[in-house]
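So the chains spell out like this:
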Amino acid sequence: MDHSSNRALQQFRNEVGLRFQLYNSLFTSLPFHRIEKTGILLSLLSNNCEEGYKKKQSPVEIIEDFFNRHTTYSKTEEQNDLLFRFVQYIERQVVLFDALEDAAFKNVNDLNGPGTLKHLESEIIQSNKEEELATKLKDFGIRLVLTAHPTQFYPGSVLGIINDMAKALVDNNTNLINTYLQQLGKTPFFKKKKPTPYDEAISLVWYMENVFYGAAGRIISTLKNQFPDTVCKDNPVIRMGFWPGGDRDGNPFVTCDVTLKVADALRGSIIKCYYLDVRKLRRRLTFEGVDVLLQELEAKLYNNIFIPGYKTSLTKEEILQTLEAIKQILIHQHNRLFLHMVSNLMNKIELFGLHFASLDIRQESKVHTQLIDKIAVTAPDILPGYATATEAEKIDMLCNINGKANTVQLEDPVHLDTLETIAAIRTIQTYNGSEGCNRYIISQCNSALNAMEVYGLLLLGGWSPEDMNMDIVPLFETIEDLQHAGPIMQTLYAHPVYKSHLRRRGNRQTIMLGFSDGTKDGGYLMANWSIYKAKEELTAVSRQHGIDVVFFDGRGGPPSRGGGKTHKFYASMGHNISNKEIQLTIQGQTVSSNFGTMDAAQFNIEQLLHAGISNDLFTNRDITLSEKEEELLGELAGISLIHYNKLKNHPYLADYLLQVSPLRFYSETNIGSRPAKRGAASGLSLKDLRAIPFAGSWSQLKQNVTGYYGVGAALQQMEKDGKLLQLQKLYHQSLFFRTLLDNCEMAMMKSFFPLTAFLSDHKHFGELWRMIHDEYELTKQYLFKITGQTMLMADYPVEQLSIQMRERIVLPLVTIQQYALTRIRELDEQLVQAPVKETYEKLAMRCSFGIINAGRNSA
């Protein structure tokens with residue numbers, strides 16, 4: 001372990017490990033009903049779990065043994081009441097741990113070390129690359145798109161406590177910490193009602209105001225101060241995107257009204273941020289000539305927030321003009337006093353405009369197809385002979401639509417909403433600026449026609465080709481979709497109408513690639529390799545047509561959904577993959593873990609910026625895979641797919657997830673507005689199941705299948721073929737392959753098979769459990785052969801310890817969940833409808849929250 005890793009580990013042990021034990025003891029003195037007893041009994045249960053799993057006991061045996069040895073509770077009702085109290089207690093322990101990690105971030109991470117802006121500055125100055133940086137930043141940037149997938153459930157009140165507690169921990173203010181712990185004890189965690197898409201949006205707006213506004217502003221100011229001529233007005237370098245309220249794929253609760261409401265909330269929120277900054281400026285800029293200008297600006301911002309009629313009377317340009325005038329007065333009349341404060345605010349305004357974040361619209365291609373087909377029937381004059389036309393003919397017809405759709409004849413509310421939303425985009429652009437809403441993402445895009453259907457719908461919605469201020473973004477998700485992506489884009493690029501559309505959009509095409517569905521469809525290795533190959537092919541096709549392609553990665557939080565060491569993935573892409581922008585989704589626990597505080601957000605945004613910039617500026621780092629290396633990885637991915645498919649096609653897999661994991665309770669957890677399945681059909685099919693509940697269920701089982709399954713079997717086969725030495729060499733030479741396996745280790749580190757070992761001889765599920773367990777052990781064995789290490793995540797000691805501590809906190813919780821699920825299965829097998837079954841279901845569901853939140857560092 002190098003010196004810096006050793007220092008970071010020691011800091012983590014002192015500032016998180018030791019302090020957790022110290023402040024955890026404060027919990028037992030909280031003045032709540034039986035809480036002291038709960039804390040003492042919980043430590044006994046934790047001990048029981050650790051000892052019990054070593055003795056190969058099942059969760060049921062561990063819980064029963066605990067009740068017999070440590071309590072006098074004999075009634076089921078009393079026992080379940082105590083288990084619920086344990087759940088509440090552990091939930092709050094997880095919050096304390098989160099706050100401690102947030103507070104320690106600055107000291108554990110080197111904020112001026114490798115991957116930061118400070119590090120980039122010294123690299124650029126040493127190698128005289130200022131001009132190359134200016135060229136790169138003319139069109140390079142990162143776009144972080146916040147999404148509301150149900151991977152974390154903290155209500156806003158708890159997020160606020162975590163934030164305040166982290167500040168108190170930094171200051172070592174024990175009295176205040178104790179008060180916040182009391183507040184935490186009284187604050188409900190469980191949401192009685194499912195959140196609406198608007199609720200989800202507002203909880204993410206909290207992060208926009210409290211974290212991203214300040215962090216992104218600081219980064220741009222630092223860049224401009226160090227390299228004044230690098231950041232141009234036309235390219236803000238950092239952009240924020242937003243999905244809650246715009247993403248209607250599979251979420252019937254997102255309507256046109258919600259979309260408009262969320263856009264309005266974003267606009268109001270950023271104006272409020274500017275208003276507060278202008279108030280701060282007024283306290284400093286008390287000089288003649290600027291005070292009146294500031295007063296007028298403050299009044300305009302205030303009126304825009306609180307007086308409805310003023311909404312149209314403000315533009316980004318107008319605010320900047322006022323501040324520019326103030327700037328000039330300060331320069332010429334007041335010795336540049338407080339000039340930096342004005343410049344910093346202007347940087348934020350250039351970054352966030354009046355939109356704060358761009359609201360993306362997303363809908364499934366089937367909806368567009370059905371809507372166009374319906375219009376072709378109800379308004380044959382608009383699309384004559386459409387039903388019998390070929391795909392190429394349909395594309396031509398959609399390009400030449402003349403006339404607006406008559407919404408009166410549409411009965412399906414989803415169809416109606418789709419057209420209303422297209423009209424609403426113009427309203428959003430009027431108030432929030434063109435950046436407010438200018439991307440339409442098509443999920444399950446299987447053909448060029450799917451993309452052109454959206455073009456046709458925009459025409460039907462009243463847009464003309466000349467003023468179509470929208471990017472059409474196809475989303476390719478499954479392994480099959482990824483393989484067809486190149487030919488689909490070739491067809492689009494070759495079409496004269498689409499070509500003209502792209503020319504008006506600056507010859508730039510955004511393509512979204514979905515990691516979650518790819519992993520569910522093809523397993524960990526094949527999903528990541530298919531996306532890599534698709535990016536290479538799409539880059540080549542786009543370059544042939546003179547198009548700058550931008551990849552938007554639908555990356556989830558954990559490695560099994562494309563997360564993990566994200567910045568390392570981007571630093572490892574090589575020159576065959578377009579590096580015009582880094583765009584990715586930030587969701588669930590990734591928002592709070594990587595971007596939960598201003599320091600963490602700044603650090604992680606800088607890491608992404610550094611990855612994209614250094615890829616192009618430092619040619620001695622040519623990490624492009626050779627043809628031979630690609631063949632090797634392609635072969636490895638192909639073998640892993642064969643093994644993953646054996647698991648995916650196992651006849652009991654759906655039942656296993658339904659009965660052994662908390663999958664069936666996902667839609668009842670009230671952590672997200674979206675249903676766990678697409679469509680309304682009953683019964684479970686893996687195809688219908690959303691990728692996030694799929695990955696989440698494995699995570700709560702502590703089996704994390706989607707993060708490693710097929711890797712061990714593939715490596716073993718490669719060894720038999722005499723290619724293990726080549727893979728060992730590739731691991732040390734290729735950052736891409738190394739990051740792939742590092743992330744695999746993270747998923748495995750969070751697995752714990754003793755929890756479910758009792759299923760190894762189950763009549764239905766025994767074979768499946770043994771398949772998964774054997775693959776886990778095989779993967780671990782072969783990862784050690786490749787990496788030369790003897791334990792998982794050896795190169796990441798801080799993350800390793802964080803996971804170990806979190807897993808220890810959560811061990812009683814996963815045990816209680818498995819205990820409840822086993823009891824439910826027993827009652828189902830006996831065909832008994834006892835009232836207690838509902839209690840066990842609630843218990844299993846409640847455990848999900850703490851388990852999900854404890855997995856926070858999974859990004």
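Residues numbered from 1 in each chain as written. Predicted model: local features only at pLDDT ≥ 70, side-chain atom pairs only at ≥ 80, totals over all residues. Heavy atoms only, no water.

A word on helix H15 (residues 391–399). One turn of the α-helix equals 3.6 residues, which is why residues spaced by three or four share an orientation. Among the residues of H15, those classed as buried are Lys394, Ile395, Leu398 and Cys399. Around the axis of H15, the buried residues are gathered within 135 degrees of arc, so they sit on the same side. (Buried < 20%, exposed > 50% of the residue type's maximum accessible area, 1.4 Å probe, protein only. Helix = DSSP H or I, 4+ residues; strand = E, 2+ residues; numbered from the N terminus. Arc of directions from axis to C-beta.)

For the rest of this paragraph, the subject is the pattern of salt bridges. Evaluation of the coordinates by the stated rule reveals 42 salt bridges. One salt bridge connects Arg248 with Asp417, and the closest N-O pair in it is separated by 3.4 Å. With Arg248 in the loop between strand S2 (238–242) and helix H10 (256–284) and Asp417 in helix H16 (residues 413–432), the pair connects residues that are 169 residues apart, well separated along the chain. You can call Arg248 buried: its relative accessible area is 5%. A relative accessible area of 11% places Asp417 in the buried class. Taken together, the shared-partner salt bridges in this structure form one network comprising Asp139, Arg508, Lys580 and Glu581. (Salt bridge = Lys/Arg side-chain N within 4 Å of Asp/Glu carboxyl O.)

The next point concerns the packing of aromatic side chains. Within this structure, the stated rule accounts for 25 aromatic pairs. Consider the rings of Phe287 and Phe338, whose centres lie 6.5 Å apart with planes at 10 degrees: the pair is stacked. Placement of Phe287 in the loop between H10 and helix H11 (291–306) and of Phe338 in the loop between helix H12 (316–333) and helix H13 (339–352) is noted, with a sequence separation of 51 residues between them. Within the aromatic cluster, the residues linked to one another by ring pairs are Tyr213, Tyr274, Phe352 and Phe356. A cation sits over an aromatic face here: Arg439 above Phe552, 4.6 Å from the ring centre. (Phe/Tyr/Trp six-rings, centres within 6.5 Å; stacked < 30°, edge-to-face > 60°. Lys NZ or Arg CZ within 6 Å of the ring centre and 35° of its normal.)

Turning our eyes to something else, we now look at the sheet that holds strand S1 (residues 141–147). In space, the nine strands of this open sheet follow the order S3-S2-S1-S9-S8-S7-S6-S5-S4, with parallel pairing throughout. Where the open sheet ends on each side, the last strands, each with one partner, are strand S3 (358–359) and strand S4 (361–364). On the sheet, helix H9 (residues 197–226) packs against S1 and S2 and is oriented at approximately 175 degrees with respect to S2. (Pairing = 2+ DSSP bridges. Contact = heavy atoms within 4.5 Å. Axes fitted to C-alpha atoms, helices over the stretch in contact; angles between N-to-C directions.)

Another point: the environment of Thr255. Structurally, the position occupied by Thr255 is in the loop between S2 and H10. Taking C-alpha positions, Thr255 is 40 Å from Ala637, a pair spaced 382 residues apart along the chain. Not counting the four nearest positions on each side in its chain, Thr255 is found in contact with Arg248 and Asp417.

As a further point, take the confidence of the model for the chain. For the chain, the mean per-residue pLDDT works out to 89, and 92% of the residues sit at or above 70. Taken together, the stretch residues 557–563 has pLDDT below 50 and engages in 37 contacts with residues farther than four places along the chain or on a different chain. Contacts from residues 669–673, a stretch scored under 50 in pLDDT, to residues over four places away or in other chains number 28 contacts. (pLDDT = per-residue confidence, 0-100.)

Interaxial distance between helix H25 (residues 627–648) and helix H29 (residues 724–733) falls to 11 Å at its minimum, and their mutual angle equals 115 degrees. Viewed along their axes, H25 and H29 adopt a mutual orientation that is roughly perpendicular. The interaxial crossing formed by H25 with H29 has left-handed handedness. Of the residues in H29, those in contact with Glu629, Leu632, Leu633 and Leu636 of H25 are Gln726, Leu727, Leu730 and Gln733. Residues that form the contact of H25 with H29 fall into these classes: five nonpolar, two polar and one charged. (Parallel < 35°, antiparallel > 145°, perpendicular 65-115°, else oblique. Left-handed = near helix turned anticlockwise from the far one by under 90°. Nonpolar A, V, L, I, M, F, W, Y, C, P; charged D, E, K, R; others polar.)

Looking now at the pairing of strand S7 (residues 508–514). The buried fraction of S7 amounts to seven of the seven residues, a majority that puts the element mostly inside the structure. Burial along S7 is two-sided: Arg508, Thr510, Met512 and Gly514 and Gln509, Ile511 and Leu513, pointing in opposite directions, are all buried. Judged from the two bridges that link them, strand S6 (residues 471–476) and S7 form a sheet pairing that is parallel. Residue pairing for S7: Phe476 is matched across the bridge by Leu513. In this structure, S7 lies alongside strand S8 (residues 548–554), joined through seven bridges in parallel fashion. Directly across from Arg508, in S8, lies its bridge partner Asp548.

As a further point, take unusual backbone geometry. Apart from glycine, the bulk of residues carry a negative phi angle, and the bulk of peptide bonds sit in the trans form. Here Asn128, not a glycine, exhibits a phi torsion of approximately 50 degrees, which is positive. Within the secondary structure, Asn128 is located in the loop between helix H5 (117–126) and helix H6 (130–136). A positive phi is found at Asn172, a non-glycine position, where the angle reads about 55 degrees. Its place among the elements puts Asn172 in the loop between helix H7 (156–170) and helix H8 (174–186).

This next bit is on the environment of Glu807. Along the chain, Glu807 falls in helix H32 (residues 797–829). Residue classification places Glu807 among the buried residues on the basis of a relative accessible area of 16%. Along the chain, Glu807 and His732 lie 75 residues apart, while their C-alpha atoms are 30 Å from each other. Contacts of Glu807, omitting those with residues within four sequence positions, involve Lys702 and Lys750.

So, about the pairing of S2. Among the five residues of S2, five are classified as buried, and the element is accordingly described as predominantly covered. Of the two faces of S2, both are covered, the one formed by Ile238, Met240 and Phe242 as well as the one formed by Arg239 and Gly241. Pairing geometry for S1 and S2, over five bridges, is parallel. Across the sheet, Ile142 pairs through a bridge with Ile238, a residue of S2. Where S2 lies against S3, two bridges are found, and the strand directions are parallel. Note that in S3 the partner of Phe242 across the bridge is Leu359.

Before going further, it helps to spend a moment on the nonpolar core. Counting residues in each nonpolar core, the largest one holds 265 residues, and the members touching the most others are Ile238, Phe242, Tyr274, Leu323 and Tyr656. In this structure, Ile441, Val473, Met512 and Phe552 belong to the second largest nonpolar core, which totals seven residues. (Core = buried A, V, L, I, M, F, W, Y, C linked by side-chain atoms within 4.5 Å.)

Moving on to the side chain of Thr787. Following the sequence through the fold, Thr787 ends up in helix H31 (residues 766–787). Overall, Thr787 belongs to the buried group, its relative accessible area being 9%. At 3.2 Å, the side chain of Thr787 and the backbone nitrogen of Gln789 are in polar contact. With residues near it in sequence (within four places) discarded, Thr787 still touches Tyr731, His732 and Glu745. (Polar contact = N/O pair within 3.5 Å; in protein donor to acceptor, adjacent residues only side chain to side chain.)

A word on the packing of helix H28 (residues 711–720) against H31. Their axes nearest at 7 Å, the elements H28 and H31 cross at an angle of 55 degrees. Comparing their axes, H31 and H28 come out oblique. For the pair H28 and H31, the crossing hand works out as left-handed. Along its contact with H28, which presents Val711, Gly712, Ala713, Leu715, Gln716 and Glu719, the element H31 presents Glu775, Leu778, Thr779, Tyr782, Leu783, Lys785 and Ile786.

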